[in-house]
Amino acid sequence: MINSLEESLMRISYSALDAYKSCPLKYKYQQIDKIKTPKSKEAIFGTILHSTMKFIHTPGILSPTLEQAMEFFSNSWNPAVFDSPEEERAAFVQGVKIIQDYYKRNNPADFNIVNLESRFQIEIGEKENRHIVSGIIDRIDRTADGFEIIDYKTAKKMPTQDRVEGDMQLSVYLAAFLSYYPEERKNLDRLKVSLYFLKHGMKLSASRTEEQLKENEAVFLETIKLIEEEKFEPIISPLCDWCGYQNICPMWKHKFKELRKLDTEDVSELIDEYIELKSAISITKDRLAKIQEKITFYMDQEGVARVFGQNGLIARSLRVTYKYNEEKIQSLLAPLGKWQDVLKFDKTALKNVFDLLPDSVKKEIEKAKIEDKKTSSLIVKKGKI
Ligand code: SF4
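On a predicted model such as this, the values are computed, not experimentally measured, just so you know.

J.: For this particular structure, what's the right way to read the packing of aromatic side chains?
T.: Two descriptors summarise a pair of aromatic rings, namely the distance from one centre to the other and the angle between the planes of the rings. Counted according to the given criterion, the structure contains 18 aromatic pairs. Considering the side-chain rings of F45 and W77, the 6.2 Å spacing of their centres and the 85 degrees angle between planes classify their relative orientation as edge-to-face. One end of the pair, F45, is in helix 4 (residues 41-57); the other, W77, is in the loop between helix 5 (66-76) and helix 6 (85-105), with 32 residues separating them in the sequence. Look at F45 and you get buried, because its relative accessible area is 6%.

Have a look at this one:
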């Protein structure tokens, strides 16, 4: 029994789960195929700032001064990862500014630090659906009436307060904190979870309810289920710009291919011709619609049903569509036992009511989805990509 449970148990880090949510194919490359990619300069910049924050807040007799923090940052700096001296200088200046701003807004001695970069492992789910999620919490502080869990972010964009209210990472961190401090579960309203945006010098905070923690766990379990079912479809998003797998990803790799031959034809010429033809079709369609509108207006004005040109004629054809009185038809067909035969499941109607259904029903409907057939079409994006 213990063996079968252990077999189905998945050990997964929060960052791997997050990678799956942003793009399942990226997760597969990273976690299953174990394809290594060089760390991006943004990631290295983030790591240096995270270690500087750890240095600043490491408890000691005296907290580090701004100068000491700067020295630590400079000694950790890695100029080799940048593409040019200008880029390296700009990044270094940005790092210095972040640390200066941090000291302007915060006095490290004011904080009661409980833990820094603490590793955790928590169990989620139960029985054969039991899994272990691991991660690292940047910082845990003791506050006047409880605790605060802080995660540093080096993102350029500041999210809205809503994002922090629903942030899954913070919920997992709080669940991990509660597994180490179970007596704090009764004080949930006094436990703060915060994202500190270093580039903006701003912190967004929220708290969590028991329900939110439960919902979060359910989302995690669903994600793990998708991984177990080996669902690894790519998701194209702005994050692709920072993905190290573009050269092997089916959505991008063609961009990196030098040889584009299909039999003896040059595929790159065919691609460009296809794009041009699709664009010509849409211009023609627009022009046809305008001409049709004018000719119809002319026919109405002249009271004619056919018009003649040098190359042929155009005739107006009238198509009438009907709908039936459903009650009447039902009353006629039901006694003959034929009413069920004409009723058909309507996907569009389902889509229209879907948003109004309770969440539990929505989930069941999603589960009832069966793949019918797969068709592929070509979508054209014009311009340089
Ligand atoms: S390039 Fe984009 S779609 Fe492809 S694996 Fe990376 S994130 Fe996913």
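J.: In this structure, what is going on with the environment of I329? I would like to understand it.
T.: Here I329 lies in helix 11 (residues 326-333). Residue classification places I329 among the partly exposed residues on the basis of a relative accessible area of 26%. For I329, the contacting residues outside a window of four places in its chain are Y324 and W339.

J.: In this structure, what is going on with the pattern of salt bridges? I would like to understand it.
T.: Any two side chains of opposite charge can pair, given that their charged atoms come close. All told, the structure shown has 18 salt bridges when counted by the stated rule. E222 is paired through a salt bridge with K363; the nearest N and O atoms lie 4.0 Å apart. With a gap of 141 residues between them, E222 in helix 9 (residues 210-228) and K363 in helix 14 (residues 359-367) connect regions that are remote in the sequence. In this structure, K231 engages E229 in a salt bridge whose closest nitrogen and oxygen atoms are separated by 2.8 Å. Judged by relative accessible area, which is 43%, K231 ranks as partly exposed.

J.: I keep staring at helix 8 (residues 168-180) and nothing clicks. Help me out?
T.: Counting along an α-helix, one turn takes 3.6 residues, and residues three or four places apart therefore face a common direction. Look at helix 8: 19 Å from first C-alpha to last across 13 residues, which is about the 18 Å you get at 1.5 Å a residue. For helix 8, the buried fraction is high: 10 of the 13 residues fall into the buried class. For helix 8, every residue scored as buried is listed here: M168, Q169, L170, S171, V172, Y173, L174, A176, F177 and L178.

J.: What should I look at first to understand the side chain of D141 in this one?
T.: Secondary-structure assignment places D141 in strand 3 (residues 131-142). In terms of polar contacts, D141 uses its side chain to reach the side chain of R139, at 2.8 Å. Dropping the residues within four chain positions of it, D141 is found in contact with F111, N112, I113, V114, G146, F147, E148 and I150.

J.: What am I meant to see in the domain arrangement of the chain here?
T.: Per the domain assignment, the segments making up the chain are domain 1 (2-242) and domain 2 (258-318). Summarising the inter-unit geometry, the C-alpha centres of domain 1 and domain 2 are found 54 Å apart.

J.: How should a nonpolar patch on the surface be read in this particular structure?
T.: On the surface, L318, V320 and Y322 cluster together to form a nonpolar patch covering roughly 420 Å² of accessible area. Its place among the elements puts V320 in the loop between strand 10 (312-315) and helix 11.

J.: Explain the environment of F73 to me, please; I cannot follow it from the model alone.
T.: Within the secondary structure, F73 sits in helix 5. Taking the C-alpha atoms as reference points, F73 and K374, 301 residues apart in sequence, are found 53 Å from one another.

J.: Would you explain the pairing of strand 5 (residues 191-197) in this entry?
T.: The side chains of a regular strand alternate, residue by residue, between the two faces of the sheet. For strand 5, a buried count of 6 out of 7 residues is recorded, marking the element as mostly surrounded by other parts of the structure. Where strand 4 (residues 147-153) lies against strand 5, 7 bridges are found, and the strand directions are parallel. If you follow I150 over to strand 5, its bridge partner there is S194.

J.: Would you explain the nonpolar core in this entry?
T.: The nonpolar side chains of a soluble globular protein tend to be buried, and buried together. Counting residues in hydrophobic clusters, the biggest one holds 37 residues, and the most contacted among them are I12 and L174. Elements with a minimum of two residues in this core: helix 2 (14-22), strand 2 (112-124), strand 3, strand 4, helix 8, strand 5, strand 6 (202-206) and helix 9. Ranked by the residues each element gives to this core, the list is headed by helix 8, at 8 residues. Counting 21 residues, the second-largest nonpolar core is a separate cluster that includes M70, I99, Y196 and L198.

Reading the values: the criteria
Residues numbered from 1 in each chain as written. Predicted model: local features only at pLDDT ≥ 70, side-chain atom pairs only at ≥ 80, totals over all residues. Heavy atoms only, no water. Phe/Tyr/Trp six-rings, centres within 6.5 Å; stacked < 30°, edge-to-face > 60°. Helix = DSSP H or I, 4+ residues; strand = E, 2+ residues; numbered from the N terminus. Buried < 20%, exposed > 50% of the residue type's maximum accessible area, 1.4 Å probe, protein only. Contact = heavy atoms within 4.5 Å. Salt bridge = Lys/Arg side-chain N within 4 Å of Asp/Glu carboxyl O. Expected span 1.5 Å × (residues − 1). Polar contact = N/O pair within 3.5 Å; in protein donor to acceptor, adjacent residues only side chain to side chain. Domains from an automatic or database assignment. Patch = residues over 30% accessible without salt bridge, like charges linked within 9 Å, V, L, I, M, F, W, Y side chains within 5 Å. Areas by Shrake-Rupley, 256 points an atom, 1.4 Å probe, with all protein chains shown as cover. Pairing = 2+ DSSP bridges. Core = buried A, V, L, I, M, F, W, Y, C linked by side-chain atoms within 4.5 Å.

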